[in-house]
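One-letter residues, chain by chain:
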Amino acid sequence: MSKGRIIVVDDESILRMDIKEMLLEAGYDVVAEANTGELAVELAALHRPDLIVMDVKMPRMNGLKASRIIQKSFNVPILLLTAYTEAELIEEAKEAHIFGYLVKPITEKDLIPAVEMALGQSKRLHGLLDSIKEMEHKLEARKQIEQAKGILMDVHNINEEDAYKALRTYCMNNRKTMSEVAASIIQHRTLDRNSVSLPG
Ligand SMILES: [Mg+2]
């Protein structure tokens, strides 16, 4: 099984081949190669790789600019390759949410651990973002249920416990989720009376 789908981007074809070889030997899939930032953006859209290993200095859109576009549009992690060590560049790289960078010449001993780390970080980050989304979703559902319960209490002049019971019974009888029913209550200001007993 592939350890990850990677795109290699560098304007020097020999270096690109070297890197590709190192990645293949380590068990990764190199799904595409590019020699400009522009092409890197196109290929990122097409292949949605797990990682892009990208040179900084290239004709027709440099690696930093391409990284920003790719990060923003496709959320693919990027490992930069650079011949420079200026602090300025590193600052810029931080800005572009780069997952790491390597200074040329690139050796297998540096490349593979950096690739592994970038993939691991990206996976953790995606996991975190998924949990945040799930939590937001749950919170929103809970707010809706509270609001629906409040409507039932108001409209039917019942206490919170009875409103909750009515909601729950309705859900069970109709095989619907609490959030579905809550959304319907918010819209119609009541429950379908045939399916649940409500006082008043
Ligand atoms: Mg270059």
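Residues numbered from 1 in each chain as written. Predicted model: local features only at pLDDT ≥ 70, side-chain atom pairs only at ≥ 80, totals over all residues. Heavy atoms only, no water.

1. Let's talk about the sheet that holds strand E5 (residues 101–103)
- On the basis of which strands lie adjacent, the open sheet formed by five strands has the order E2-E1-E3-E4-E5 and parallel pairing. The strands lining the two open edges of the sheet, one partner per strand, are strand E2 (29–34) and E5. Taking each pair of neighbouring strands and ignoring which way they run, the sheet shows an average axis angle of 20°.
- Relative to strand E3 (residues 51–55), strand E1 (residues 5–9) runs parallel, the two being bridged by four bridges. Its bridge partner being in E3, Ile-7 is matched across the sheet by Ile-52.
- Lying on the sheet, helix H5 (residues 108–156) is in contact with E1, E3, strand E4 (78–82) and E5; it crosses E3 at an angle near 135°. (Pairing = 2+ DSSP bridges. Helix = DSSP H or I, 4+ residues; strand = E, 2+ residues; numbered from the N terminus. Axes fitted to C-alpha atoms, helices over the stretch in contact; angles between N-to-C directions. Contact = heavy atoms within 4.5 Å.)

2. With respect to the domain arrangement of the protein
- Taken as a whole, the protein is organised into domain 1 (5–106) and domain 2 (133–195).
- Measuring from the centre of the C-alpha atoms in domain 1 to the corresponding centre in domain 2 gives 50 Å. (Domains from an automatic or database assignment.)

3. Describing the coordination of the magnesium ion
- Donor atoms from the polypeptide that coordinate the magnesium ion comprise Asp-11 (OD), Asp-55 (OD) and Lys-57 (O), at 2.1 to 2.2 Å from the metal.
- For the magnesium ion, the donor residues sit on a single chain with the sequence spacing D-x43-D-x1-K. A residue pair is termed long-range when its members are at least 10 positions apart, and Asp-11 in the loop between E1 and helix H1 (13–25) and Asp-55 in strand E3 qualify at 44 residues.
- With relative accessibility at 34%, the residue Asp-11 sits in the partly exposed group.
- Looking at Asp-55, the relative accessible area reads 3%, which means it is buried. (Donors = N, O, S within 2.8 Å, 3.2 Å for Na, K, Ca; no water. Buried < 20%, exposed > 50% of the residue type's maximum accessible area, 1.4 Å probe, protein only.)

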